[in-house]
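# Understanding the architecture of this molecule
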Amino acid sequence: MKLGLTTVAAVTPAVHVGDVDFNVVACVEETKSAVAHGARVVILPECVLTAYTCNDLFWQDALLVAAECGLASYIERTAELGCLSVVGLPLRVNSKLYNVAAVCCAGELLGVVPKLHIPTYNEFYEGRYFEPGPVECAPISVAGRWNVPFGAHQVFEAPAMEHFCVGVEICEDLWVPEPPSIGLAKAGATLICNLSASNAQVGKAAYRRDLVRGQSARLVCAYGYASSGWGESTQDVVFSGHDLVCQDGRIMAEAQPFGGGVALGQVDLEYVASERRRMSTYRTSASPEAAGYTRTSLPESFDPADEQVTGWVDPHPFVPDDPATRSQRCEDILDIQARGLAQRLAHTHAKCAVVGVSGGLDSTLALLVCARAFDYCGLDRGGILAATMPGFGTTHRTHSNARTLAEALGAQLLEVPIAAAVRQHFQDIGHNEATHDVTYENSQARERTQILMDLANQRGGLVIGTGDLSELALGWATYNGDHMSMYGVNSGVPKTLVRHLVRHVAATCDNPRLAEVLLDVLDTPVSPELLPAQEDGSIAQVTEDLVGPYELHDFFLYSMLRQCFSPAKIYQLALAAFVEQPRAQGQEPLYDPATILRWLRTFYQRFFAQQFKRSCLPDGPKVGSVAVSPRGDLRMPSDASATLWLAQVDALEAPQG
C-alpha cells in the first residue's frame, strides 16, 4: 500500500564560481547520490549552475548561454534517475534577467519559477542584475524546449501519488511579510521547495531554522530548503550550506552549517492533507486554476511514493526524548492539571478534595496534583482526604504505598475497607462470591465510588477522578465506578506519560520519603487489584496482560486520533517503531509483528465498543493534542460500527522472520 510518504533531499554541491560545466557535474553527482539514498525530490540551491556570487559576471552572455546549456545537460543526465529535481540558475527572458528555479523530471522541463522579491540591501545587490519575476504563467522557450510555463503561480502534481503537490519559492521570497508559499499552499501545494543563497552570520542559522520550521507549521506543509555553500566566493561573505527538511513545525532532517551539505528526510504528505482537513480555519482553493495557478502534471512514470518507512518513527509520541524537554513538559502538564483543579476548587468554594488512593500510578498522580492545586489556592493540604479502600485484591505493597504517600504529602488519610459492604451487596443481588466475573470486579469499583461521593458530600468537597487518557480510550474503567468523578485531573494524560510525571516529581521534590514511595509506585505492576492476590501476596491481575501494552496502545491512539491514519498505515509505522528501529540499533524488539497486529485489533475493538463511557465523562483539563472529551476533541457516536476498521486490520498480514 502507499503510505503517503516521500523522501526529500536538500543538497548543497560544491561549486566553482562561473564554471558551469563543473557545476553541472557536481549537481548531477549530488542528485545521483541523493536518489541512491532514497530521495524522490531533490532541491538544489539558488543559481547553483553558475554559482550565486557571480556579481557583474551575470551581465556576460557567455555565462548566461552556458547556464541554459548547462540546464539542458543536467536534465539529460538525470532523466533516468526517477526523481523530481529543482535547480537554480540565471535565465534571460524577453531581454531581461531572472533568478529562477527549473523544475525537472524524467528528462522533461516542467516549468520555470522566477524569484519574486529581489533583495537590494546590506550585502545583497541582486537588483543590479535581476528583475522581479511575473506571477502569472506564460509559455517560453528555454534549454531547447518550447512552451515551458514561466511564472511564480505554478504547482506540480504527481498522478501516481495523491496529495503530492509541489510549489517553489526562492530565498528572499520566504523572508518577506507575505511569502509566495502562502498562495502556493492555498492552491494545494503540500511540499514547498526553497532554493536559497543565505549567507552565514552570527545568529543567522538559528533564525533561518526557526523561519523554515515556522513556515512549515503555519502552512501545514512539508518544506525543503537548500542553501549555497562551499565554493561560493568569500570576497565579502561566506555561505554555510545550511539545508533543512521540515514538516508541520518539525525538523525532519538538517545539514548543519558547514556540516556536509545534504539534508535527507522523509515527509508524510498524507498527514499534511489530513491535518489541513481537520483545521476548519485552513482555507484552500477548490482548484489551483480557480486561484490563478497553473497546474502541471508530472510524467505518469514518476512515482514519488516511498514503499517503506525510512524516517524515524517515535515509538512514544506523547513523551519527548530529550530529558530537558521532557522535564519541562512534565512541569507544564502538572501546572495545567493543578491550575484546572485550583480554579474548580475556587469556583465551588470547596475546601476539601477527596481522592481514592490505591497505591497505583494514576491515583498517585491525582494526589500529587491535588497537593499542588491546594498550594496554589493557599489551602491547607489537610483538606485533601486520601481514602484508601482495601478490597479483595488489595496487596500489602500497594496498601502500604497509599498510606505512606498520603502521609508524605500531608494529606488526611482515611481507611474504609469495602469487603463487608461488597459481600452484603453480593447477598442482596444473589451473586456468588466465588464467581470472579465482571460483576465481582465492578461491584468493588462502584462501592469505592459511592464511598468517595458520600465522603465528598459530608465534607462539602469534590471527588477527584484518577482515570487517565489511555484507560478512557480502551474503556478500561467501570461505568459509574472509577469512570465517574466531579473533576478528572488525569483525563488528558496518557499512561506512558503518567509514569514520567510521577518520576519527575520523585526526581525534583525535596522530600526523601515522598521520593522513595513514588519510585516504589513506579516499580509496581499496573493493576486494578479487583481479583484476590496470589498465594505469595503478589498482584494477580496485571492490566497489560489483559488489554495489551500501554506503549502500543498509546502509539495507536496518537496515530489514529491525532494523525487520522488508517489501520494499515498505523501497523506499518508500528513495525518501524517497535521492530525495525530496535533491530537497527542492535536491540532485540520487545514485540514481534504478530503481537503488534493482535493488540492493534484489540485497540480498535475496545475503542469503538467503549465510546458510550466517553460520551458522559466528567470535566477535566486537556493537556496535549489528543483528548477524548465529548465536549471538546471527540464527537463520536456511541453506536458507531468498527466493521470498516477491523476489516482493514484483518486484511493485514504480519511479516515473517
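Residues numbered from 1 in each chain as written. Predicted model: local features only at pLDDT ≥ 70, side-chain atom pairs only at ≥ 80, totals over all residues. Heavy atoms only, no water.

The name recorded for the chain in an unreviewed UniProt entry is Glutamine-dependent NAD(+) synthetase, from Leptogranulimonas caecicola. As stated in UniProt under Catalytic activity (unreviewed entry), the record for the chain gives "deamido-NAD(+) + L-glutamine + ATP + H2O = L-glutamate + AMP + diphosphate + NAD(+) + H(+)". Turning to the chain, the UniProt annotation filed under Pathway (unreviewed entry) states: "Cofactor biosynthesis; NAD(+) biosynthesis; NAD(+) from deamido-NAD(+) (L-Gln route): step 1/1." (UniProt positions renumbered as here; feature names shortened; annotations may be inferred.)

## A short note on the packing of helix H1 (residues 20-36) against helix H2 (residues 61-77)
Direction vectors running N to C along H1 and H2 enclose 25°, while the axes themselves pass 9 Å from each other. Here H1 is positioned roughly parallel relative to H2, judged by the angle of their axes. Where H1 crosses over H2, the handedness of that crossing is right-handed. Touching Val20, Val24, Val25, Cys27, Val28, Thr31 and Lys32 of H1 are Leu63, Ala66, Ala67, Gly70, Ser73, Tyr74 and Arg77, all from H2. Each residue belonging to the contact of H1 with H2 can be placed in one class, and the counts come to nine nonpolar, three polar and two charged. (Axes fitted to C-alpha atoms, helices over the stretch in contact; angles between N-to-C directions. Helix = DSSP H or I, 4+ residues; strand = E, 2+ residues; numbered from the N terminus. Parallel < 35°, antiparallel > 145°, perpendicular 65-115°, else oblique. Left-handed = near helix turned anticlockwise from the far one by under 90°. Contact = heavy atoms within 4.5 Å. Nonpolar A, V, L, I, M, F, W, Y, C, P; charged D, E, K, R; others polar.)

## Remarks on the UniProt feature "binding site: L-glutamine" (unreviewed entry) in the chain
The UniProt entry lists Tyr121, Ser198 and Lys204 under the feature "binding site: L-glutamine" (unreviewed entry), expressed in the numbering used here. If you trace the backbone, Tyr121 turns up in the loop between strand E5 (108-114) and strand E6 (138-142). Excluding anything up to four places from it in sequence, Ser198 contacts Cys171, Trp175, Lys204, Arg208, Tyr225, Ser227 and Phe239. Of note is the side chain of Ser198, whose polar atom sits 3.4 Å from the side chain of Lys204. (Polar contact = N/O pair within 3.5 Å; in protein donor to acceptor, adjacent residues only side chain to side chain.)

## Some details on the pairing of strand E17 (residues 384-388)
Counting buried residues along E17, five of its five residues qualify, which places the element largely inside the surrounding structure. Burial along E17 is two-sided: Ile384, Ala386 and Thr388 facing one way and Leu385 and Ala387 facing the other are all buried. Pairing of strand E16 (residues 353-356) with E17, which is carried by four bridges, proceeds in the parallel orientation. By the bridge assignment, Val354 is partnered in E17 with Leu385. For the segment spanning E16, helix H8 (residues 361-377) and E17, crossover handedness is right-handed. Sheet topology note: the E17/strand E18 (residues 412-415) ladder contains four bridges and is parallel. Looking at E18, one finds that Thr388 is bridged to Glu415. As a crossover connection, the stretch from E17 through helix H9 (residues 396-409) into E18 is right-handed. (Buried < 20%, exposed > 50% of the residue type's maximum accessible area, 1.4 Å probe, protein only. Pairing = 2+ DSSP bridges. Right-handed = clockwise from strand over helix to strand, strands pointing away.)

## A look at helix H5 (residues 204-218)
The terminal C-alpha atoms of H5 lie 20 Å apart, and with 15 residues this matches the ideal 21 Å at 1.5 Å per residue to within 8%. For H5, the full list of buried residues reads Lys204, Ala205, Arg208, Arg209, Leu211, Val212, Gln215 and Ser216. In a view along the axis of H5, the buried residues occupy a sector of 160°, so they form one face of it. Turned more than 90 degrees from where H5 packs its buried face, Tyr207 and Arg218 sit exposed. Downstream of H5 by a residue or two, Val220 has a phi angle that is positive, lying close to 50°. (Expected span 1.5 Å × (residues − 1). Arc of directions from axis to C-beta.)

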